[in-house]
Amino acid sequence: MRTPIHNVTSLHARAWKLLTAIVSRRPDLRIIETHPGGGQYDCLSLYSTDQTHIADLNLNGRFHVFNRLDGADHGTQSSHDWQGMFDSPEELNLQVLNWAGLTESSIETSPGVHVEIYRFISAYLQYMADVSNEWQCRNGYFDSSGMDGCFVVYDFDRFRPAKERLSQQLPDDFLGQSAYRFWFLRKNGEPRICMETTGTLWLADDIGYDPFDIREESAQSLVRTTISALGEM
């Protein structure tokens, strides 16, 4: 029997922790948000920088592996019930690494700044997992197979400096779309923090703080700083 998920925030926190553990070991990977099946599914997806599709973690379903990172054939075991192990976090962490073709002892190479952003997201959601408000992390681009994608206008409108950055394309932008670089932490559906995988974090315009640089402060320290600035202590 599947263990019930305690709340939406803890679900997102666990998903981000699992994928961040993979990307920490393979910083050539990127996390994007996808909605396959014309929007039927809600996934965090792993892609390599050459746009090879590695895996989908369905937030409402299973962990699907398309290309193992060790090059091995996944055979018929390509879909795994990650939520059924939700209350065994250490075992789940090891299993997801194994499913993806990695081990716990896989060397964590020097991460890129995008990995530090993912670590911040993971740590922030973990901190908020037991509060009454619902926190989620959503991408700046709504990617849905079979439908036209678009950047999330409402979220960007709350962060004018981030919206100005949308016009700046970078060589490694996924599918040439700059909006994939941005993530938004939403409280009860309202965007409160915007992050760009180049290293900058912004609080919503109405809060009135200068941007933060993930390279100048550890993820854990920055969690405490932003929580204090948002009045969430």
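Residues numbered from 1 in each chain as written. Predicted model: local features only at pLDDT ≥ 70, side-chain atom pairs only at ≥ 80, totals over all residues. Heavy atoms only, no water.

Colleague: I keep staring at the overall build of the protein chain and nothing clicks. Help me out?
Modeller: Per the secondary structure count, the protein chain includes seven helices and 12 strands. Scaling as 2.2 N^0.38, a compact globule of 233 residues should have a C-alpha radius of gyration of about 17 Å, and the protein chain matches this with 17 Å. By principal-axis analysis of the C-alpha atoms, the protein chain measures approximately 50 × 35 × 35 Å. Split into buried and exposed, the 233 residues of the protein chain put 50% on the buried side. Contacts in the protein chain between residues far apart in sequence, at least 24 positions, make up 57% of those at least 6 positions apart. Here the protein chain displays about 10900 Å² of accessible surface, and carbon together with sulfur accounts for 48% of that area. (Helix = DSSP H or I, 4+ residues; strand = E, 2+ residues; numbered from the N terminus. Rg over C-alpha atoms; globule rule 2.2 N^0.38 Å. Buried < 20%, exposed > 50% of the residue type's maximum accessible area, 1.4 Å probe, protein only. Contact = heavy atoms within 4.5 Å. Areas by Shrake-Rupley, 256 points an atom, 1.4 Å probe, with all protein chains shown as cover.)

Colleague: How should I be thinking about the sheet that holds strand E6 (residues 135–139) in this particular structure?
Modeller: Within a sheet, each strand pairs with its neighbour through backbone hydrogen bonds, oriented either parallel or antiparallel. Across the sheet, which stays open at both edges, the five strands sit in the order E6-E9-E10-E11-E12 with antiparallel pairing between neighbours. Pairing within the sheet leaves two strands with one partner each, and these edge strands are E6 and strand E12 (212–213). Bridge count for strand E11 (residues 200–203) against E12 is two bridges, and the pairing is antiparallel. When the bridges of E12 are listed, Thr200 appears paired with Asp213. Set on the sheet, helix H1 (residues 8–25) makes contact with E6 and strand E9 (182–187); between it and E6 the angle comes to about 50°. (Pairing = 2+ DSSP bridges. Axes fitted to C-alpha atoms, helices over the stretch in contact; angles between N-to-C directions.)

Colleague: Explanation requested: the pattern of salt bridges in the structure shown.
Modeller: Pairs may arise between side chains of opposite charge once their charged atoms sit close together. Tallied over the entire structure, the rule returns 17 salt bridges. When the shortest N-O distance is used, the salt bridge between Arg181 and Asp173 registers 2.9 Å. Of the two residues, Arg181 and Asp173, both sit in the buried class. Residues joined in a network through salt bridges with shared partners are Arg158, Glu190, Arg192 and Asp206. (Salt bridge = Lys/Arg side-chain N within 4 Å of Asp/Glu carboxyl O.)

Colleague: What is the right way to read the environment of Cys43 from this model?
Modeller: Position of Cys43 among the secondary structure elements: in strand E2 (residues 43–48). When its relative accessible area of 4% is taken as the criterion, Cys43 is described as buried. Distance from Cys43 to Glu33, taken between C-alpha atoms, is 5.8 Å for residues 10 residues apart in sequence.

Colleague: Teacher, can you tell me more about the nonpolar core here?
Modeller: One recurring pattern in soluble globular proteins: nonpolar side chains tend to sit buried together. In this structure, Ile22, Phe63, Trp82, Phe120, Tyr124 and Met195 are the most contacted members of the largest nonpolar core, which totals 53 residues. Apart from the residues lying within four places of it in its own chain, the contact partners of Met195 are Ile117, Phe120, Ile121, Cys137, Arg181, Phe182, Trp183, Phe184, Leu185, Thr200 and Leu201. Among the nonpolar cores identified, the runner-up in size contains 15 residues, and Tyr141, Phe159, Ala162 and Leu166 belong to it. (Core = buried A, V, L, I, M, F, W, Y, C linked by side-chain atoms within 4.5 Å.)

Colleague: Explain the pairing of E6 here, please?
Modeller: On any regular strand, side chains alternate: one points to one face of the sheet, the next to the other face. Across the five residues that make up E6, a large majority, five, are buried. Pairing geometry for E6 and E9, over five bridges, is antiparallel. Residue pairing in the sheet places Cys137 in a bridge with Leu185 of E9.

Colleague: It is not clear to me how the sheet that holds strand E5 (residues 79–80) should be interpreted in this structure. Could you clarify?
Modeller: Spatially, the five strands line up as an open sheet ordered E1-E2-E3-E4-E5, and their pairing is antiparallel. Every interior strand has two partners, whereas the edge strands, strand E1 (29–34) and E5, have only one. In the sheet, strand E4 (residues 63–65) pairs with E5 via two bridges, with the strands oriented antiparallel. Counted as the bridge partner of Phe63 is His80 from E5.

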